[in-house]
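Examining the three-dimensional arrangement
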Amino acid sequence: MTDKELILPLFPLLAKHSLTCNVYNLGRAVGESLRKFYASNGLYETWTLQSFPSSPGTTVITVVKEALVQYQTWWLNLVQKDPIHVLIETFLIGFLAYLIFYQKKKDHRKKMKDRLSEEEIRDLLEDWKKNGRLPLNYDNHNHYDHGYNQGTTRGDDNVLQSSCGNESSSVVVKSPLDWIVIEEMKGSKVVLSIPNMESHNNKEDTEDKTPTSSSTSPLIKGSFLMKARQSSSSTTTLNKKQTFMDSSSKNDHHSKMKMKTIHAINFATHDYLGMACPNPEFFKKDVVKEASIQALSKYGCGSCGPRGFYGTIDAHLDLEDAMAKFFHTDGAILYSDGASCAASTVAAFAKRGDLLVVDEGIYEALGTGVTLSRANVKYFKHNDMQDLRRVLERVQATDESLGRKLNDQRRFIVVEALYKNYGTLCPLDELVKLKEEFCYRLILDESFSFGTMGATGRGALEHFGLEPMRHAEIITVSLENSMGSIGGITVGNEEVVDHQRLSGAGYCFSASLPPFLASAAQASLKRMETEPKVLTTLKENIGYFYNLLQSELGDIIPNKLVITSEIGLSPLVFLQLANDDDDHDDDSKRFWTRTEQVRILDEIAQKCLEMDIFIVSTGRHVTHHLHKVPPPSLRMTIMAKQSKAEIRTAISVLKTVIGKVLDDFDTEN
């Protein structure tokens, strides 16, 4: 049987099938038209290589004419039989022509219109040559306002309010602390540069008395020249841009202010064990630095690709094996940074349709992972196990009403062991009981508890006497805190680790960790295991700091400031302004607005820095990528490399500054 005999019986079947009916009819119509066309012109049997016409030009013209006639006939018949089809097709053809011929030219005209003219370019270059360019870290949306007194009003918003023209707009006023440049770290000391406010204020007073023509910032000038033409007809827009230019000239002035150097005691960074910058009094050798130098000499700097594509080096595998052995788990997987480790791990296991029950106080990296997972999310109140039970019982009631089984949906509880933005410790003993009662898996982030809690520094699980893989299925750890390196590790059983090698976005698509950083982390881990004294020193410093803080600031805590972190355990110390309770009369109650809190705490941090104590005010920068924004706080980190004398100095300065700032604020109000 020939191929033709096999195919012909299929034609009637294809013509009747709904999916191929239109295609079949179209092909058949085209074939019939071509057959009739060839037959009518005598070309059906005469077109061969031997009998091709000697004058092809005439034949081609004839063929084209006949084709046009055939197309006209087909088109008119189609209009009569299916006018809606013709209408839609005509619209699509017209829209396609619009995109090709008009829209493309319109975009080109707009692009040319936005370009600077030759004269504007010359003016811009002259301005750059005369005044210099702005620094790379310049922020044209913020302005520097010492004292927060110029153009700001109080409000309950998360930002300060400033008026611009006739309208009020929200802007974040920059604090002097935003201009800090860290120059060097030496043990427990940090060398940094800040604006010299005395010379700055004197210069500002001189400029206020001597009127001069304002010099527009070069970056803003170019932006304004380019955009002003687009809105020349709008007076309001021009007024706003003029106001913006005036403020930018102040920014340009501040970018040139003189800086002064401060040698301060470091209570700001997360180098809890002093691995990144060890104190020579505690460690004779900087083994982390030595390991990094050796790895750089052996491997070079970069790893030249993701882990699955030429990016895996034996230093990565050695660190994974060492971390798995340290945590007593089946395996570990290394990511190139701590944030991508937490975010990628959550997104690798939770997908659309799954359920995540999440503490509302999780930090930015975990929150990003929750968002990327696209799973169903239910939040419970921060560290509130009763509220967690309420959420789990509500989900259970929904399951019963829908007849849904437990294994119909993957479910996880997502928490931090030690919360970065609160300093509070998760009650893992209670949480594990709830997870087992309601059949959930636990994703636990030990980034800030690893190296600071537990007898051997394994974290909060060890502190509560719990075990990895059994009580917490998935554990993420950042290497950027206690380990003094960069990167992140997820530990668990073999399934947890192997699944991420194909599903962890940060593992698959990011360049792998530079080998020298993996070697540095492994050296830190070895020091933790072989020199447990560093863990003991850290815990002693934590206890000493809290005891001294409560005893020396007894008249301030808890009347004016409240310790919100885990007292005696957390190396992250958080102090918040206290609001009066309901026991006071209405006239004597005090409720701080967020703006007032930010202003007061910023001033405390600034004055502490002027007295050589470096602490952090969180009210301005701990606001983004969070489900719940924490109250403004003073944050201090306790480290093993700090001496008892340095802790006493910090407490003394803190007591003096807090009392003075709060008294000054009471006097003003």
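Scroll up to find the structure.
Residues numbered from 1 in each chain as written. Predicted model: local features only at pLDDT ≥ 70, side-chain atom pairs only at ≥ 80, totals over all residues. Heavy atoms only, no water.

Some points on the side chain of Ser-193
Mapped onto the elements, Ser-193 comes out in strand E4 (residues 189-195). The class of Ser-193 is buried, set by a relative accessible area of 8%. Among the polar contacts listed, one links the side chain of Ser-193 to the side chain of Glu-183, at a separation of 2.9 Å. Beyond its immediate stretch of four places on either side in the chain, Ser-193 contacts Trp-179, Ile-180, Val-181, Glu-183, Met-259, Lys-260 and Thr-261. (Helix = DSSP H or I, 4+ residues; strand = E, 2+ residues; numbered from the N terminus. Buried < 20%, exposed > 50% of the residue type's maximum accessible area, 1.4 Å probe, protein only. Polar contact = N/O pair within 3.5 Å; in protein donor to acceptor, adjacent residues only side chain to side chain. Contact = heavy atoms within 4.5 Å.)

Some points on the sheet that holds strand E5 (residues 259-266)
Strand order in the open sheet formed by four strands is E3-E4-E5-E15, with mixed pairing between adjacent strands. The sheet is open, and its two borders are formed by strand E3 (181-186) and strand E15 (613-614), each paired with just one other strand. As paired strands, E5 and E15 are joined by two bridges and run parallel to one another. Each bridged residue has a counterpart across the sheet, and for Asn-266 the counterpart in E15 is Phe-614. (Pairing = 2+ DSSP bridges.)

Overview of helix H14 (residues 364-373)
Within H14, seven of the ten residues are buried, which leaves it mostly tucked inside the rest of the structure. All buried positions along H14 are accounted for by Glu-364, Ala-365, Leu-366, Gly-367, Gly-369, Val-370 and Ser-373. On the buried face of H14, the contacting elements are helix H13 (338-349), strand E7 (355-359), strand E8 (376-380), strand E9 (411-416) and strand E10 (441-445). After H14 finishes, the residue Arg-374 shows a positive phi value of roughly 60°.

As for the packing of helix H21 (residues 533-552) against helix H23 (residues 644-668)
The N-to-C vectors of H21 and H23 enclose an angle of 30°; their axes lie 10 Å apart at closest approach. Taken as axis vectors, H21 and H23 run roughly parallel relative to one another. The interaxial crossing formed by H21 with H23 has right-handed handedness. Listed contacts from H23 to Glu-540, Asn-541, Tyr-544, Phe-545, Leu-548, Leu-549 and Glu-552 of H21 are Lys-644, Ile-647, Arg-648, Ile-651, Leu-654 and Lys-655. By residue class, the composition of the contact of H21 with H23 is seven nonpolar, one polar and five charged. (Axes fitted to C-alpha atoms, helices over the stretch in contact; angles between N-to-C directions. Parallel < 35°, antiparallel > 145°, perpendicular 65-115°, else oblique. Left-handed = near helix turned anticlockwise from the far one by under 90°. Nonpolar A, V, L, I, M, F, W, Y, C, P; charged D, E, K, R; others polar.)

Here we look at the packing of aromatic side chains
For the structure on display, the rule yields eleven aromatic pairs. Here the aromatic rings of Phe-309 and Tyr-310 are separated by 4.7 Å at their centres, their planes lie at 75°, and the arrangement is edge-to-face. For the residue pair Phe-309 and Tyr-310, the accessibility class agrees, reading exposed in each case. A centroid spacing of 5.9 Å and a plane angle of 90° characterise the contact between Phe-326 and Phe-327, whose relative ring orientation is edge-to-face. Taking relative accessible area as the criterion, Phe-326 reaches 3% and is therefore assigned buried. By relative accessible area, which is 2% here, Phe-327 ends up buried. Among the aromatic residues, those joined into a ring-pair cluster are Phe-91, Phe-95 and Tyr-98. For Arg-458, the ring lying beneath its charged end belongs to Phe-326, and the centroid distance is 4.4 Å. (Phe/Tyr/Trp six-rings, centres within 6.5 Å; stacked < 30°, edge-to-face > 60°. Lys NZ or Arg CZ within 6 Å of the ring centre and 35° of its normal.)

What about the pairing of E3?
Direction of pairing for E3 relative to E4: antiparallel, over a ladder of five bridges. In the sheet register, Met-185 faces E4, and the bridge partner there is Val-190. What sits between the antiparallel neighbours E3 and E4 is a turn of two residues, in which Gly-187 has the positive phi angle 60°.

As for empty space enclosed by the protein
Applying the stated criterion to the full structure yields one cavity of 30 Å³ or more. Taken as a whole, the largest cavity holds about 40 Å³ of empty space. Residues that form the lining of the largest cavity fall into these classes: four nonpolar, three polar and two charged. (1 Å grid on protein atoms, 1.4 Å probe; cavity = no way out; pocket = protein on both sides within 12 Å on 5 of 7 lines; lining within 4 Å. Points joined across faces, edges and corners; volume = space filled by probe spheres on them.)

Focus on the pattern of salt bridges
Across all of its chains, the model carries 18 salt bridges by this definition. Arg-390 is the salt-bridge partner of Asp-387, the closest N and O atoms lying 2.7 Å from each other. Of this pair, Asp-387 and Arg-390 both sit in helix H15 (residues 385-402), three residues apart, roughly one helical turn. Here Arg-390 falls in the partly exposed class, since its relative accessible area comes to 36%. Taken together, the shared-partner salt bridges connect Arg-307, Glu-320 and Arg-501 into one network. (Salt bridge = Lys/Arg side-chain N within 4 Å of Asp/Glu carboxyl O.)

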